[in-house]
Amino acid sequence: MSIYAGVDVGAVGVKAALLVPRDRAEGILAGNGTRPALRRLDVPGASRAQAGDEGGTCVLVANYRRTRGQPLETTRAMLAELLACVGPDGIAGITLTGSGSTLVAAALGVSRCNEFQALARAIDLLYPHVRTVFELGGETSKYLRLEPDLGSGTLSILDYSTNGDCAAGTGAFLDQQAGRLKYAVEDIGRIVDTAERAAQIAGRCSVFAKSDMIHAQQKGFTPAEVLRGLCNAVARNYKSAVVKGRTPVPPIALVGGVSANTAVVRGLREVFELDNGALFVPEAAESMAAVGA
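Residues numbered from 1 in each chain as written. Predicted model: local features only at pLDDT ≥ 70, side-chain atom pairs only at ≥ 80, totals over all residues. Heavy atoms only, no water.

J.: Requested: an account of unusual backbone geometry, with residues and values cited.
T.: That bond from Pro250 to Pro251 is cis: its omega, 0°, falls within 30 degrees of zero. Counting through the fold element by element, Pro251 comes out in the loop between helix 8 (223-243) and strand 11 (252-255). Although it is not a glycine, Arg68 adopts a positive phi angle of roughly 50°. Within the secondary structure, Arg68 sits in the loop between strand 5 (65-66) and helix 2 (71-86). Arg68 gets classed as exposed once you look at its relative accessible area, which sits at 71%. (Helix = DSSP H or I, 4+ residues; strand = E, 2+ residues; numbered from the N terminus. Buried < 20%, exposed > 50% of the residue type's maximum accessible area, 1.4 Å probe, protein only.)

J.: Please set out the pattern of salt bridges residue by residue, giving values where relevant.
T.: Counted by the stated rule, this structure contains 13 salt bridges. With its nearest N and O atoms 3.8 Å apart, the salt bridge here joins Arg266 to Asp193. One end of the pair, Arg266, is in helix 9 (residues 262-272); the other, Asp193, is in the loop between helix 6 (188-192) and helix 7 (206-218), and 73 residues separate them in sequence. In this structure, Arg197 and Glu225 form a salt bridge, with 3.2 Å as the shortest nitrogen-oxygen distance. With Arg197 in the loop between helix 6 and helix 7 and Glu225 in helix 8, this pair connects stretches of sequence that are 28 residues apart. Members of the salt-bridge network, linked through shared partners, are Glu115, Glu135 and Lys142. (Salt bridge = Lys/Arg side-chain N within 4 Å of Asp/Glu carboxyl O.)

J.: I'd like to hear about the state of the cysteines, residue by residue, with values.
T.: Applying the stated criterion to the full structure yields zero disulfides. Of all cysteine sulfurs, the one in Cys85 lies closest to Cys58, which takes part in no disulfide; the gap is 14 Å. Classification of Cys58 by relative accessible area gives buried; the value is 2%. (Disulfide = S-S within 2.5 Å.)

J.: Explain the packing of aromatic side chains to me, and be specific about the residues and the numbers.
T.: For any pair of aromatic rings, the description consists of the separation of the ring centres together with the inter-plane angle of the planes. Taken as a whole, this structure holds six aromatic pairs when the rule is applied. Taken together, a centroid distance of 6.4 Å and an interplanar angle of 40° make the contact between Phe134 and Tyr143 tilted. When its relative accessible area of 0% is taken as the criterion, Phe134 is described as buried. Overall, the relative accessible area of 2% leaves Tyr143 in the buried class. Over the ring of Phe221 we find Arg197, and its NZ or CZ is 4.0 Å from the ring centre. The aromatic ring of Phe272 is capped on one face by Lys239, whose charged end is 5.5 Å from the ring centroid. (Phe/Tyr/Trp six-rings, centres within 6.5 Å; stacked < 30°, edge-to-face > 60°. Lys NZ or Arg CZ within 6 Å of the ring centre and 35° of its normal.)

J.: An account of the sheet that holds strand 12 (residues 279-280) is needed here, citing residue identities and associated values.
T.: The five strands are arranged 10-9-8-11-12 in an open sheet whose pairing can be described as mixed. Strands with a single pairing partner mark the edges of an open sheet, and in this sheet they are strand 10 (155-162) and strand 12. Direction of pairing for strand 8 (residues 132-136) relative to strand 9 (residues 141-148): antiparallel, over a ladder of five bridges. Looking at strand 9, one finds that Phe134 is bridged to Tyr143. Contacting strand 8, strand 9 and strand 10, helix 8 crosses the sheet at an angle of about 60° to strand 9. (Pairing = 2+ DSSP bridges. Contact = heavy atoms within 4.5 Å. Axes fitted to C-alpha atoms, helices over the stretch in contact; angles between N-to-C directions.)

Structure representation (C-alpha coordinates):
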(Lines give C-alpha, C1' and ligand atoms only; values in the text may rest on other atoms or scores of the structure.)
Protein backbone atom coordinates (compact mmCIF):
# COMPACT_ATOMS: atom_id res chain seq x y z
CA MET A 1 0.00 0.00 0.00
CA SER A 2 1.20 3.51 -0.82
CA ILE A 3 1.30 6.52 1.49
CA TYR A 4 -1.28 9.28 1.09
CA ALA A 5 -1.45 12.75 2.61
CA GLY A 6 -4.48 14.85 3.47
CA VAL A 7 -4.28 18.53 4.36
CA ASP A 8 -7.04 20.69 5.81
CA VAL A 9 -6.37 24.32 4.88
CA GLY A 10 -8.65 26.21 7.24
CA ALA A 11 -9.31 29.88 7.80
CA VAL A 12 -6.99 29.95 10.80
CA GLY A 13 -4.71 26.93 10.58
CA VAL A 14 -3.39 24.01 8.56
CA LYS A 15 -3.80 20.42 9.71
CA ALA A 16 -2.21 17.42 7.99
CA ALA A 17 -2.43 13.64 8.19
CA LEU A 18 -0.80 10.63 6.59
CA LEU A 19 -2.44 7.32 5.77
CA VAL A 20 0.36 4.75 5.85
CA PRO A 21 0.76 0.96 5.92
CA ARG A 22 0.91 -0.25 9.51
CA ASP A 23 4.25 -1.94 8.95
CA ARG A 24 5.85 1.36 7.93
CA ALA A 25 4.38 3.57 10.65
CA GLU A 26 7.04 2.94 13.29
CA GLY A 27 9.87 3.67 10.87
CA ILE A 28 8.30 6.99 9.87
CA LEU A 29 7.72 7.96 13.50
CA ALA A 30 11.29 7.04 14.43
CA GLY A 31 12.64 9.42 11.80
CA ASN A 32 10.21 12.18 12.68
CA GLY A 33 11.84 15.46 13.72
CA THR A 34 10.41 18.21 15.86
CA ARG A 35 8.27 19.44 12.95
CA PRO A 36 5.67 18.45 11.95
CA ALA A 37 5.74 16.28 15.11
CA LEU A 38 3.77 13.31 13.78
CA ARG A 39 1.82 11.17 16.21
CA ARG A 40 -0.12 7.95 15.74
CA LEU A 41 -3.85 7.70 16.34
CA ASP A 42 -4.29 4.73 18.64
CA VAL A 43 -7.97 4.10 18.02
CA PRO A 44 -9.61 0.78 17.05
CA GLY A 45 -10.81 1.84 13.61
CA ALA A 46 -7.45 3.22 12.53
CA SER A 47 -5.98 -0.24 11.97
CA ARG A 48 -8.90 -1.90 10.24
CA ALA A 49 -8.04 -3.31 6.85
CA GLN A 50 -9.44 -1.67 3.78
CA ALA A 51 -10.43 -3.39 0.56
CA GLY A 52 -7.35 -4.91 -1.04
CA ASP A 53 -5.20 -3.97 1.96
CA GLU A 54 -4.68 -7.02 4.15
CA GLY A 55 -2.11 -5.30 6.34
CA GLY A 56 -4.37 -2.43 7.26
CA THR A 57 -3.66 1.25 7.54
CA CYS A 58 -2.38 3.54 10.24
CA VAL A 59 -3.17 7.21 10.65
CA LEU A 60 -0.44 9.70 11.55
CA VAL A 61 -1.35 13.32 12.24
CA ALA A 62 0.87 16.39 12.34
CA ASN A 63 0.67 19.19 14.86
CA TYR A 64 -1.75 22.00 14.02
CA ARG A 65 -0.13 25.09 12.55
CA ARG A 66 -1.58 28.62 12.28
CA THR A 67 -1.44 30.13 8.80
CA ARG A 68 -1.09 33.74 10.02
CA GLY A 69 -2.49 34.96 6.71
CA GLN A 70 -0.20 32.76 4.57
CA PRO A 71 -2.09 29.52 3.81
CA LEU A 72 -0.08 28.63 0.68
CA GLU A 73 3.31 29.10 2.32
CA THR A 74 2.20 27.23 5.45
CA THR A 75 0.85 24.31 3.41
CA ARG A 76 4.02 24.12 1.34
CA ALA A 77 6.15 24.02 4.47
CA MET A 78 3.96 21.33 6.03
CA LEU A 79 4.11 19.13 2.92
CA ALA A 80 7.89 19.54 2.65
CA GLU A 81 8.27 18.31 6.23
CA LEU A 82 5.93 15.39 5.64
CA LEU A 83 7.96 14.35 2.59
CA ALA A 84 11.13 14.50 4.67
CA CYS A 85 9.54 12.21 7.27
CA VAL A 86 8.29 9.70 4.72
CA GLY A 87 11.65 9.24 3.01
CA PRO A 88 12.67 8.37 -0.53
CA ASP A 89 9.50 6.49 -1.49
CA GLY A 90 7.54 9.72 -1.24
CA ILE A 91 3.81 10.28 -1.10
CA ALA A 92 1.58 8.66 -3.74
CA GLY A 93 -1.23 11.18 -3.50
CA ILE A 94 -2.14 14.47 -1.82
CA THR A 95 -5.66 15.81 -1.33
CA LEU A 96 -6.61 19.13 0.22
CA THR A 97 -9.82 20.20 1.90
CA GLY A 98 -10.97 23.18 3.94
CA SER A 99 -12.13 26.72 3.31
CA GLY A 100 -8.74 27.77 1.92
CA SER A 101 -8.09 24.67 -0.15
CA THR A 102 -9.41 25.80 -3.56
CA LEU A 103 -6.71 28.37 -4.28
CA VAL A 104 -3.95 26.42 -2.50
CA ALA A 105 -4.74 23.19 -4.36
CA ALA A 106 -4.70 25.04 -7.69
CA ALA A 107 -1.35 26.64 -6.87
CA LEU A 108 0.18 23.29 -5.86
CA GLY A 109 -1.43 21.28 -8.66
CA VAL A 110 -3.08 18.75 -6.34
CA SER A 111 -6.65 17.56 -5.87
CA ARG A 112 -9.17 18.77 -3.30
CA CYS A 113 -12.38 17.42 -1.80
CA ASN A 114 -15.48 18.74 -0.07
CA GLU A 115 -15.15 19.33 3.69
CA PHE A 116 -18.36 17.46 4.53
CA GLN A 117 -17.19 14.44 2.54
CA ALA A 118 -13.77 14.57 4.22
CA LEU A 119 -15.32 14.54 7.69
CA ALA A 120 -17.63 11.67 6.79
CA ARG A 121 -14.73 9.58 5.44
CA ALA A 122 -12.61 10.19 8.54
CA ILE A 123 -15.41 9.23 10.91
CA ASP A 124 -16.16 6.13 8.81
CA LEU A 125 -12.51 5.05 9.10
CA LEU A 126 -11.89 5.86 12.74
CA TYR A 127 -15.27 5.95 14.51
CA PRO A 128 -17.83 4.05 12.41
CA HIS A 129 -20.24 3.85 15.38
CA VAL A 130 -20.77 7.66 15.32
CA ARG A 131 -24.09 8.93 13.96
CA THR A 132 -23.73 12.71 14.34
CA VAL A 133 -20.78 15.07 13.91
CA PHE A 134 -20.53 18.54 15.45
CA GLU A 135 -17.68 20.58 13.99
CA LEU A 136 -16.62 23.99 15.32
CA GLY A 137 -13.67 25.41 13.43
CA GLY A 138 -11.92 28.72 13.00
CA GLU A 139 -14.59 30.44 10.92
CA THR A 140 -17.03 27.66 10.02
CA SER A 141 -19.25 25.29 11.96
CA LYS A 142 -20.87 22.15 10.58
CA TYR A 143 -23.48 19.55 11.48
CA LEU A 144 -23.50 16.09 9.86
CA ARG A 145 -25.98 13.29 10.37
CA LEU A 146 -24.48 9.96 9.29
CA GLU A 147 -25.96 6.53 8.60
CA PRO A 148 -24.41 3.37 7.11
CA ASP A 149 -25.15 2.75 3.45
CA LEU A 150 -27.37 -0.32 3.11
CA GLY A 151 -25.21 -1.81 0.38
CA SER A 152 -21.63 -1.07 1.40
CA GLY A 153 -21.97 -0.34 5.13
CA THR A 154 -19.91 2.84 4.62
CA LEU A 155 -21.14 5.87 6.54
CA SER A 156 -23.05 8.26 4.29
CA ILE A 157 -24.31 11.80 4.90
CA LEU A 158 -28.03 11.74 5.67
CA ASP A 159 -28.32 15.45 6.51
CA TYR A 160 -26.00 18.42 6.96
CA SER A 161 -25.88 22.11 7.77
CA THR A 162 -23.35 24.92 8.19
CA ASN A 163 -23.16 28.40 9.68
CA GLY A 164 -22.99 30.25 6.35
CA ASP A 165 -21.03 33.47 6.00
CA CYS A 166 -21.16 34.73 9.59
CA ALA A 167 -18.28 33.63 11.84
CA ALA A 168 -20.06 34.45 15.12
CA GLY A 169 -19.77 31.56 17.55
CA THR A 170 -16.69 30.03 15.86
CA GLY A 171 -13.06 29.73 16.90
CA ALA A 172 -12.16 33.13 15.48
CA PHE A 173 -15.05 34.63 17.43
CA LEU A 174 -13.69 33.11 20.66
CA ASP A 175 -10.16 34.19 19.79
CA GLN A 176 -11.25 37.78 19.24
CA GLN A 177 -13.36 38.08 22.39
CA ALA A 178 -10.80 36.32 24.62
CA GLY A 179 -8.16 38.72 23.29
CA ARG A 180 -10.26 41.63 24.54
CA LEU A 181 -9.81 40.25 28.07
CA LYS A 182 -6.07 39.69 27.47
CA TYR A 183 -6.30 35.89 27.47
CA ALA A 184 -5.03 33.37 24.92
CA VAL A 185 -7.86 31.32 23.45
CA GLU A 186 -5.99 28.13 24.41
CA ASP A 187 -6.34 29.05 28.11
CA ILE A 188 -10.11 29.62 28.16
CA GLY A 189 -11.10 26.13 29.29
CA ARG A 190 -8.75 26.20 32.29
CA ILE A 191 -9.83 29.72 33.29
CA VAL A 192 -13.55 29.00 33.00
CA ASP A 193 -13.20 26.03 35.36
CA THR A 194 -12.74 28.56 38.18
CA ALA A 195 -16.00 30.43 37.45
CA GLU A 196 -18.91 29.91 39.84
CA ARG A 197 -21.46 31.55 37.54
CA ALA A 198 -21.80 32.68 33.92
CA ALA A 199 -22.50 36.14 32.55
CA GLN A 200 -25.25 36.38 29.94
CA ILE A 201 -23.51 36.99 26.61
CA ALA A 202 -25.02 37.14 23.11
CA GLY A 203 -23.50 34.68 20.66
CA ARG A 204 -25.21 35.61 17.40
CA CYS A 205 -23.09 38.70 16.70
CA SER A 206 -19.56 39.81 17.63
CA VAL A 207 -20.71 43.40 18.14
CA PHE A 208 -23.48 42.40 20.57
CA ALA A 209 -21.11 40.01 22.36
CA LYS A 210 -18.59 42.80 22.90
CA SER A 211 -21.29 45.06 24.33
CA ASP A 212 -22.57 42.32 26.65
CA MET A 213 -19.05 41.54 27.87
CA ILE A 214 -18.39 45.19 28.72
CA HIS A 215 -21.76 45.44 30.48
CA ALA A 216 -21.06 42.22 32.44
CA GLN A 217 -17.70 43.55 33.61
CA GLN A 218 -19.37 46.80 34.74
CA LYS A 219 -21.85 44.73 36.75
CA GLY A 220 -19.02 42.99 38.60
CA PHE A 221 -18.62 39.70 36.74
CA THR A 222 -15.05 38.36 36.83
CA PRO A 223 -13.16 37.63 33.59
CA ALA A 224 -13.65 33.88 34.21
CA GLU A 225 -17.40 34.37 34.55
CA VAL A 226 -17.52 36.50 31.39
CA LEU A 227 -15.59 33.84 29.49
CA ARG A 228 -17.92 31.12 30.78
CA GLY A 229 -20.85 33.14 29.48
CA LEU A 230 -19.06 33.52 26.15
CA CYS A 231 -18.53 29.75 25.84
CA ASN A 232 -22.17 29.10 26.70
CA ALA A 233 -23.13 31.62 24.00
CA VAL A 234 -21.07 29.69 21.45
CA ALA A 235 -22.95 26.50 22.35
CA ARG A 236 -26.36 28.20 22.12
CA ASN A 237 -25.46 29.81 18.82
CA TYR A 238 -24.34 26.47 17.38
CA LYS A 239 -27.65 24.89 18.36
CA SER A 240 -29.81 27.67 16.92
CA ALA A 241 -27.80 28.73 13.85
CA VAL A 242 -26.31 25.41 12.70
CA VAL A 243 -28.35 22.50 14.06
CA LYS A 244 -31.58 24.51 13.59
CA GLY A 245 -34.12 22.37 15.42
CA ARG A 246 -32.73 19.00 14.33
CA THR A 247 -32.41 16.21 16.89
CA PRO A 248 -28.78 14.97 17.05
CA VAL A 249 -28.51 11.19 17.28
CA PRO A 250 -25.75 9.84 19.56
CA PRO A 251 -22.99 8.86 19.57
CA ILE A 252 -21.94 12.41 18.66
CA ALA A 253 -18.33 13.28 17.80
CA LEU A 254 -17.26 16.87 18.43
CA VAL A 255 -14.41 17.84 16.09
CA GLY A 256 -12.62 21.00 14.97
CA GLY A 257 -10.25 23.28 16.85
CA VAL A 258 -12.89 24.56 19.29
CA SER A 259 -13.31 20.99 20.62
CA ALA A 260 -10.14 21.62 22.67
CA ASN A 261 -12.08 24.19 24.71
CA THR A 262 -13.53 22.20 27.61
CA ALA A 263 -15.92 25.02 28.52
CA VAL A 264 -17.56 24.91 25.07
CA VAL A 265 -17.78 21.10 25.28
CA ARG A 266 -19.58 21.42 28.61
CA GLY A 267 -21.84 24.12 27.16
CA LEU A 268 -22.83 21.91 24.23
CA ARG A 269 -23.66 19.03 26.55
CA GLU A 270 -25.87 21.36 28.58
CA VAL A 271 -27.78 23.00 25.71
CA PHE A 272 -28.40 19.66 23.97
CA GLU A 273 -28.99 17.83 27.29
CA LEU A 274 -26.38 15.17 26.56
CA ASP A 275 -24.31 13.09 28.96
CA ASN A 276 -20.58 12.46 28.58
CA GLY A 277 -21.14 9.20 26.71
CA ALA A 278 -23.47 10.74 24.13
CA LEU A 279 -21.02 13.47 23.04
CA PHE A 280 -17.28 12.86 22.99
CA VAL A 281 -14.17 14.56 21.63
CA PRO A 282 -12.08 12.09 19.59
CA GLU A 283 -8.30 12.02 19.63
CA ALA A 284 -6.84 14.57 17.18
CA ALA A 285 -10.30 16.09 16.79
CA GLU A 286 -8.87 19.16 15.09
CA SER A 287 -7.42 16.99 12.30
CA MET A 288 -10.45 14.89 11.30
CA ALA A 289 -10.98 16.67 7.97
CA ALA A 290 -7.30 16.16 7.10
CA VAL A 291 -7.61 12.44 7.87
CA GLY A 292 -10.66 12.22 5.63
CA ALA A 293 -8.93 14.06 2.81
